Each structure stands twice: as C-alpha cells, then as structure tokens.
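A look at the structure
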Amino acid sequence: MFRRLGRYRRLGAASFLSCACFIGLAVYGWGVSWEQLLGYVTVVVVLLSLLLAMAALVGWLLHKLNRRDD
C-alpha cells in the first residue's frame, strides 16, 4: 500500500517541478513580468475559492434535502 502512495507522491513532485520550470521559462524567456504572474495567480486563487465555495454550498443543500426526506 505504501509503495503505491510513494509512486503518486513522486508523480506529484515531478508535476510540481515541471510547472515551476514552465513558469520560470515564461518569466525568463517570454518576458512575462512578475506583476503579471502575481495577477494571474491571484485570479486563479479567487476563481478556485469561488468554485470550492459553490461546491460546498451545493453539497450542503443536497445534504439538507436528503435529510428532509427521512
């Protein structure tokens, strides 16, 4: 069981490293400024937070509707 979890951890680390390299290439090679990059990260964090909040709300509503039927 732990060997399988280790395999996925290595895959996650490799994905994180490749993403960091791609972002570094965008800043260094393509001339994207750090301010633009920070703006993009802010937008992504806000949108993901909204998505998680909406999913939590829908889950809570479904839970309440299922409890009401009992």
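Refer to the preceding data block for the structure.
What this report covers is the structure whose coordinates are included nearby.

A look at the overall build of the protein
Counting its regular elements, the protein contains two helices and zero strands. Here the protein holds 70 residues, and 6% of them are scored as buried. Within the structure as shown, the protein displays about 6,700 Å² of accessible surface, and the carbon and sulfur contribution to it stands at 72%.

Focus on the environment of serine 33
Position of serine 33 among the secondary structure elements: in the loop between helix H1 (2-29) and helix H2 (34-69). Here glutamine 36 takes part through its backbone nitrogen, which lies 3.2 Å from a polar atom of the side chain of serine 33.

Some thoughts on the packing of aromatic side chains
Using the criterion set out here, one finds one aromatic pair in the structure. Ring geometry for phenylalanine 22 versus tryptophan 30: centroids 5.7 Å apart, planes at 75°, classification edge-to-face. In terms of burial, phenylalanine 22 and tryptophan 30 fall into one category: exposed.

Considerations on a nonpolar patch on the surface
A surface patch of nonpolar side chains, amounting to about 430 Å² of accessible area, comprises Phe22, Ile23, Leu25 and Trp30. Tracing the backbone through its elements, the reader meets leucine 25 in helix H1. The partly exposed category is assigned to leucine 25, whose relative accessible area is 42%.

Overview of the environment of threonine 42
On the secondary structure map, threonine 42 appears in helix H2. Within the structure, the side chain of threonine 42 is placed 2.8 Å from the backbone oxygen of leucine 38, a separation counted as a polar contact.

Describing the state of the cysteines
Summed over all chains, the structure comprises zero disulfides. Here cysteine 21 stays free of any disulfide, with the sulfur of cysteine 19 as its closest cysteine sulfur at 9.3 Å.

Conventions and cut-offs
- Residues numbered from 1 in each chain as written.
- Predicted model: local features only at pLDDT ≥ 70, side-chain atom pairs only at ≥ 80, totals over all residues.
- Heavy atoms only, no water.
- Helix = DSSP H or I, 4+ residues; strand = E, 2+ residues; numbered from the N terminus.
- Buried < 20%, exposed > 50% of the residue type's maximum accessible area, 1.4 Å probe, protein only.
- Areas by Shrake-Rupley, 256 points an atom, 1.4 Å probe, with all protein chains shown as cover.
- Polar contact = N/O pair within 3.5 Å; in protein donor to acceptor, adjacent residues only side chain to side chain.
- Phe/Tyr/Trp six-rings, centres within 6.5 Å; stacked < 30°, edge-to-face > 60°.
- Patch = residues over 30% accessible without salt bridge, like charges linked within 9 Å, V, L, I, M, F, W, Y side chains within 5 Å.
- Salt bridge = Lys/Arg side-chain N within 4 Å of Asp/Glu carboxyl O.
- Disulfide = S-S within 2.5 Å.

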